[in-house]
Amino acid sequence: MPADESLPVERVIRAQRGLATVNFGELWRYRELFGFLAWRDILVRYKQTYLGVAWAVLQPFLTTVIFVLVFEQLGKFNSKGAPYAVMTFAGMLPWQFFANALSESSNSLVASSNMISKVYFPRLIIPASAVLSGLVDFLIGLVILFALMIFFGVKFHAQLLLLPLFLFVAFSAAFSAGVWLSALNVKYRDVKYIVPFFTRMGLYVSPVGFLSTLILDKFGPKIFFAYSLNPMVGVIDGFRWCVLGGSFEPYWPGVCASFAVIAILAVTGVVYFRSTERTFADVI
Amino acid sequence: MSGSIVSVRGLGKQYQLGSATRHDTLRDHIAHGVRRLVSRKNDKPKSEGDFIWALKDVSFEIGQGEVVGIIGRNGAGKSTLLKILSQITEPSVGEVRVRGRVASLLEVGTGFHPELTGRENIFLNGAILGMTRAEIRKSFDEIVAFSEVEQFLDTPVKRYSSGMYVRLAFAVAAHLEPEVLVVDEVLAVGDAAFRKKCMGKMGEVASLGRTVLLVSHNMGAISSLCDRGLLVDNGRIAFDGPAHSAVQAYNSSQNVAGTGQSEQGVIYAIPLEGVLSKKCAITRLEMLDADGNPRLHLATGDTVALRVTFHLSTPAPRCGVEIMFNTGDGGRLLMLANDPDSGFPLKLEPGVHSIECVIEKFPLSAGDFFISGAITIPYEEFLARWANLGQVTVVAADVYDSGFVITTDQSIIVTDHHWRVARGAK
């Protein structure tokens, strides 16, 4: 067939069988929609609230205050000489980002059921943009973190430049878990009840209010390696290291385990999502 | 096949019926799995009867620039076809080949967020429909002008009237520039003036050489806009040819099935056999003139009798029949009910009944109105209700004997009145 400039390539719509792959070209064409959906979520999030965007600050801040009161005053945890508030906030920040992004993205497909049954676009954009919109809260929290560091006289280290890398990993963790859960949520609404429980538990299980070295010192590297299968362990340790410097260097095999879990979740999640995507409109 | 821009071959879509094997929660899934393990014998294989073919063996080709109307009864498979063409759902068998960008407009205002302003929603909705930011910016002023909501651009759309909302939503969609535009029944919304404007826009889109697929129940729109008509019946293409022939084929098929407006004065009719199992169903709604003959057309100020025929399978110690006239966007203009509103109680036994409501001077001006209805036991329950029984077109009349006809553009309601110069006024 002669190439016709005015008509783009032919597209075939037919029943797909087996596992699906990602169509990156198409995702790229829809990149603006990705931005628009995140922008919508950000605009809408604090509409008609009295405190507005201050909630983005208050949530991690108040949780940190509670942690400081409970753990520092009563528990006497070892914070290796760093101010406990800064140590906790450095863990709280990625955790809050992950937890909020996860609950937003796992619910995102069901919340957009109207769009899914009326318009075509790559569905992966929906959970991804839900994660992206959480970045605003994160950036506001980051400003608070810097303020805390200055207030407590914590030096800014060179590792701080690696923070974006760990942020990217946190993003990937939330995205891969979000992709899995949002696709499952289309079929099994149980997810709606599991996620809040999961994030509430995770706050205490993950090394937010304490240092992960506590586990390492007490139970040894084998157990710690298993502990690091919780992907947020590596991310939080990485964050602390960036913020508090050399003496907080993470246990690298653990970090690698966390990152590997995230990579596996991401690949399997996207394949599962893409393979079930074609029935979303019928099932949702 | 070089000329065809959409090519559909052997397309079919199968849906599973009922909830026998659907698992909406994990628990159901696990329970089903366990049951299967425990008793293999009881696990009957899925029979053909559990499935329904919403579409079967559908094949057609559409050339560039063709405007194709898709018509058929509710549930015939039109919307399923559009959903497959717009890639929302996947076919079970067969394939579609499309050359070019497809934009589908299955609903106006998809993705509109009530908290966002009109301006923000234009960008958001445009992006959802597949426009780039540059394209939206380019047509922004046109969209705003078309929608007539300039003053409210920075107001959240949750404060819009339903008419404004629909106008804005259609305006965005109307400025899409895809190679193939798929439209489902969106012209049925809004007031008459706006519908006319939308029709004009659709015609303009078509004249630019784009390919348009339009589903509508508005036969007038189909015959005036489309070159070609596809009649879908029971999941198959029953007719494919010139639009006006398709409309004729549709009307005659409606006659056979006993539904539709093809009989003069009949607004709604369905065969009685189909509804005998229901507690209550309207089987026929017709317009009669003062002498009880079928009314061919209805003008403002006419005397009209609305005859409602319905089937009851339970006795009704009190029975209320409600007939409502509504605007296209669902606003109720007039409700007439024998009981309790008009104080005409009825005690009915099971069976088929007909009652008539006589309106001496029909009070609505020239335009299209939609009729909804309900049968009730007053103060107790709705036996059945219908959101849309059909459409009536009221033709213009010189109601006030002034040489001036009143249409919905001036006033929706007419009423007897007269003017005088006040005595003793200074």
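J.: How should the overall build of chain A be read in this particular structure?
T.: A tally of regular secondary structure across chain A gives 13 helices and 1 strand. Against the 2.2 N^0.38 benchmark of 19 Å for 284 residues, chain A shows a C-alpha radius of gyration of 21 Å, consistent with a compact globule. With respect to the three principal axes, the spread of C-alpha positions in chain A is 70 × 50 × 40 Å. Looking at the 284 residues of chain A, the share that counts as buried comes to 52%. For chain A, long-range pairs separated by at least 24 residues make up 83% of all intrachain contacts whose partners lie at least 6 apart in sequence. Surface exposure of chain A reaches about 13600 Å², of which carbon and sulfur atoms provide 69%. When the 22 basic and 15 acidic side-chain charges of chain A are each reduced to a single mean position, those positions are 6 Å apart.

J.: Is there a simple way to explain the overall build of chain B in this structure?
T.: For chain B, the count of helices and strands is 8 helices and 18 strands. For chain B, contacts bridging at least 24 residues in sequence account for 67% of all contacts bridging at least 6. Just so you have it, chain B exposes about 20700 Å², and 52% of that area is on carbon and sulfur atoms.

J.: Could you clarify how one ought to interpret the sheet that holds strand β3 (residues 67-71) of chain B in this entry?
T.: Within a sheet, neighbouring strands are paired by backbone hydrogen bonds and run either parallel or antiparallel to one another. Residues and elements named next belong to chain B. The strand order across the open sheet built from 6 strands is β5-β6-β7-β3-β8-β9, with neighbouring strands paired in mixed fashion. Whereas interior strands pair on both sides, the edge strands pair on one side only; in this sheet they are β5 (102-105) and β9 (236-242). Adjacent strand axes in the sheet meet at a mean angle of 15°, parallel and antiparallel pairs treated alike. Summarising the sheet, β3 and strand β8 (residues 228-233) pair through 4 bridges and their orientation is parallel. Across the sheet, isoleucine 71 pairs through a bridge with leucine 231, a residue of β8.

J.: Hey, could you run me through the nonpolar core in this one?
T.: Nonpolar side chains tend to gather and get buried jointly when the protein is soluble and globular. Membership of the largest hydrophobic core comes to 152 residues, with the highest contact counts inside it found for Val6(B), Val96(B) and Ile122(B). Looking at which element gives the most residues to this core, the answer is helix α4 (residues 84-111) of chain A, with 15 residues. Setting aside anything within four residues of it in sequence, one finds Ile122(B) in contact with Ile136(B), Phe140(B), Ile143(B), Val144(B), Leu153(B), Leu168(B) and Val172(B). Grouped together as the second largest cluster of nonpolar side chains are 36 residues, Tyr268(B), Phe310(B), Val321(B) and Ile375(B) included.

J.: Could you clarify how one ought to interpret the sheet that holds strand β16 (residues 351-359) of chain B in this entry?
T.: Residue and element names in this part refer to chain B. What the 4 strands build is an open sheet, ordered β10-β11-β13-β16; its pairing is antiparallel. Either end of the sheet is taken by a strand with one partner, and the two such strands are β10 (266-269) and β16. In this sheet, neighbouring strand axes are inclined to one another by 15° on average, regardless of whether the strands run parallel or antiparallel. As paired strands, strand β13 (residues 304-312) and β16 are joined by 9 bridges and run antiparallel to one another. Looking at β16, one finds that threonine 309 is bridged to serine 354.

J.: What should I look at first to understand helix α10 (residues 213-227) of chain A in this one?
T.: The α-helix advances 3.6 residues per turn, and as a result positions three or four apart in sequence lie on the same side. All names here are of chain A. Relative to the 21 Å expected for 15 residues at 1.5 Å per residue, α10 spans just 11 Å between its end C-alpha atoms, considerably shorter than the ideal helical length. Of all the bends in α10, the largest measures some 130° and sits at glycine 220, one to four residues before the proline proline 221. For α10, the complete set of buried residues consists of Ile215, Leu216, Gly220, Phe224 and Tyr227. Structurally, α10 contributes buried residues whose contacts are with α9 (191-205), α11 (231-244) and α12 (252-277).

J.: Mind showing me how you'd approach the pattern of salt bridges here?
T.: When charged atoms on two side chains of opposite charge get close, those side chains can pair. Residue and element names in this part refer to chain B. Counting across every chain of the model gives 23 salt bridges over all chains. For glutamate 148, the salt bridge goes to arginine 167, with nearest N and O atoms at 3.8 Å. Note that glutamate 148 is positioned in the loop between α4 (133-147) and α5 (162-174) and arginine 167 in helix α5, a separation of 19 residues in sequence.

J.: Is there a simple way to explain the interface of chain A and chain B in this structure?
T.: In many reports, interface size means the accessible area that the parts give up when they come together. Contacts between the two partners involve 39 residues from chain A, matched on the other side by 49 residues from chain B. Around 4100 Å² of area is buried between chain A and chain B when both sides are counted, 56% of it from carbon and sulfur atoms. When residues of chain A are sorted by the area they lose upon contact with chain B, Arg11(A), Ile13(A) and Lys118(A) head the list and together hold 17% of the total. At the junction of chain A with chain B, the criterion picks out 3 salt bridges. For Asp282(A), the salt bridge is made with Lys13(B), and the minimal N-O distance between the two is 2.9 Å. The interface formed by chain A and chain B holds 5 residue pairs in polar contact (both at pLDDT 80 or more) in total. Only β1 (10-14), α2 (31-45), α5 (113-116) and α13 (280-283) of chain A provide two or more residues apiece to the side of chain A that touches chain B. It is α2(A) that provides the largest number of residues to the side of chain A that touches chain B, a total of 8 residues. The residue makeup of the side of chain A that touches chain B, split by class, is 20 nonpolar, 5 polar and 14 charged. With 5 bridges connecting them, β1(A) and strand β4 (residues 93-99) of chain B associate as antiparallel partners. Bridge pairing in β4(B) links Val12(A) to Arg97(B).

Conventions and cut-offs
- Residues numbered from 1 in each chain as written.
- Chains lettered and ligands numbered in written order.
- Predicted model: local features only at pLDDT ≥ 70, side-chain atom pairs only at ≥ 80, totals over all residues.
- Heavy atoms only, no water.
- Helix = DSSP H or I, 4+ residues; strand = E, 2+ residues; numbered from the N terminus.
- Rg over C-alpha atoms; globule rule 2.2 N^0.38 Å.
- Buried < 20%, exposed > 50% of the residue type's maximum accessible area, 1.4 Å probe, protein only.
- Contact = heavy atoms within 4.5 Å.
- Areas by Shrake-Rupley, 256 points an atom, 1.4 Å probe, with all protein chains shown as cover.
- Lys, Arg positive; Asp, Glu negative; His and termini not counted.
- Charge placed at Lys NZ, Arg CZ, Asp CG, Glu CD.
- Pairing = 2+ DSSP bridges.
- Axes fitted to C-alpha atoms, helices over the stretch in contact; angles between N-to-C directions.
- Core = buried A, V, L, I, M, F, W, Y, C linked by side-chain atoms within 4.5 Å.
- Expected span 1.5 Å × (residues − 1).
- Bend = angle between axes of the 7 residues up to and from the residue.
- Salt bridge = Lys/Arg side-chain N within 4 Å of Asp/Glu carboxyl O.
- Buried area = accessible area lost by both parts, 1.4 Å probe.
- Polar contact = N/O pair within 3.5 Å; in protein donor to acceptor, adjacent residues only side chain to side chain.
- Nonpolar A, V, L, I, M, F, W, Y, C, P; charged D, E, K, R; others polar.

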